[in-house]
Amino acid sequence: MKPKLATSKIVKGGMTIHAEQDAIKKLKPHSQRKPKKVSLIVGKFSKTSKTASDSMPCIKCMCAMANYLPKKGYVLEYIYYTGVDKDIHCTTLKKLVIQEKFHMSMYLAKSVLNKKKSVHDLKMVKKLKAKYDKS
Ligand SMILES: [Zn+2]
């Protein structure tokens, strides 16, 4: 399979679609019985300093990976991203969720005060967090 390229973009209403979500959207559904393994490579590079910066997927992108990839017939094997240390990191969705548990809790706690977050988003974050809470 050829790699699919995607970038972050601003859509109608000023909302930003992150590159991860754009990449998932661009994937054609895989209809065979056995899910197809895919990996995601995320990078953020500065045009001015020519260096990499933190591109670790955000909570919403993690939810998109957990929800939409299996629905399209894919299983996510590895996630590669550029870190704050400008290095490339390799991880899995499970590791990322466990690592980000605290931020997910904060996201959910803040949502009580911030009514802007959609019910759908909150449900996805809760579901993803609960999935790995035991590990
Ligand atoms: Zn994101």
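It should be emphasised that the depicted structure is a prediction, and the values quoted were computed from it without experimental measurement.

One open sheet holds the three strands; their spatial order is S3-S6-S7, and the pairing between them is mixed. Edge strands, defined here as strands with exactly one partner in the open sheet, are strand S3 (36-42) and strand S7 (88-91). Between one strand axis and the next, the sheet turns by 20° as a mean value, whatever way the strands run. Sheet topology places strand S6 (residues 74-82) next to S7; four bridges connect them, and they run antiparallel. In the strand pairing of S7, Tyr81 is matched with His89.

Looking at helix H1 (residues 19-26), one finds that the buried residues are Ala19, Glu20, Gln21, Ala23 and Ile24. On the buried face of H1, the contacting elements are strand S2 (16-17), S3 and helix H2 (59-71).

Here we take up the packing of H1 against H2. In the contact formed by H1 and H2, the axes pass within 9 Å of each other and the chain directions differ by 15°. Considering their axes alone, H1 and H2 lie roughly parallel with respect to each other. Considering how the two elements wind past one another, H1 and H2 form a crossing that is left-handed. Counting all contacts with H1, which are made through Glu20, Gln21 and Ile24, the residues of H2 involved are Cys61, Ala64, Met65, Tyr68 and Leu69. Split into classes, the residues belonging to the contact of H1 with H2 amount to six nonpolar, one polar and one charged.

On to the packing of helix H4 (residues 101-113) against helix H5 (residues 119-132). Running from N to C, H4 and H5 point in directions that differ by 145°, and their axes come no closer than 10 Å. In terms of crossing hand, the pair formed by H4 and H5 is left-handed. Judged by residue contacts, Lys101, Met104, Tyr107, Leu108 and Ser111 of H4 engage Leu122, Val125, Lys126 and Lys129 from H5. Classifying every residue of the contact of H4 with H5 by side-chain character gives five nonpolar, one polar and three charged.

Definitions and cut-offs
- Residues numbered from 1 in each chain as written.
- Predicted model: local features only at pLDDT ≥ 70, side-chain atom pairs only at ≥ 80, totals over all residues.
- Pairing = 2+ DSSP bridges.
- Helix = DSSP H or I, 4+ residues; strand = E, 2+ residues; numbered from the N terminus.
- Axes fitted to C-alpha atoms, helices over the stretch in contact; angles between N-to-C directions.
- Buried ≥ 20, exposed ≤ 12 C-beta atoms within 10 Å, placed from the backbone.
- Contact = placed C-beta atoms within 7 Å.
- Parallel < 35°, antiparallel > 145°, perpendicular 65-115°, else oblique.
- Left-handed = near helix turned anticlockwise from the far one by under 90°.
- Nonpolar A, V, L, I, M, F, W, Y, C, P; charged D, E, K, R; others polar.

Treat this as a map of the structure, not an account of what it does.
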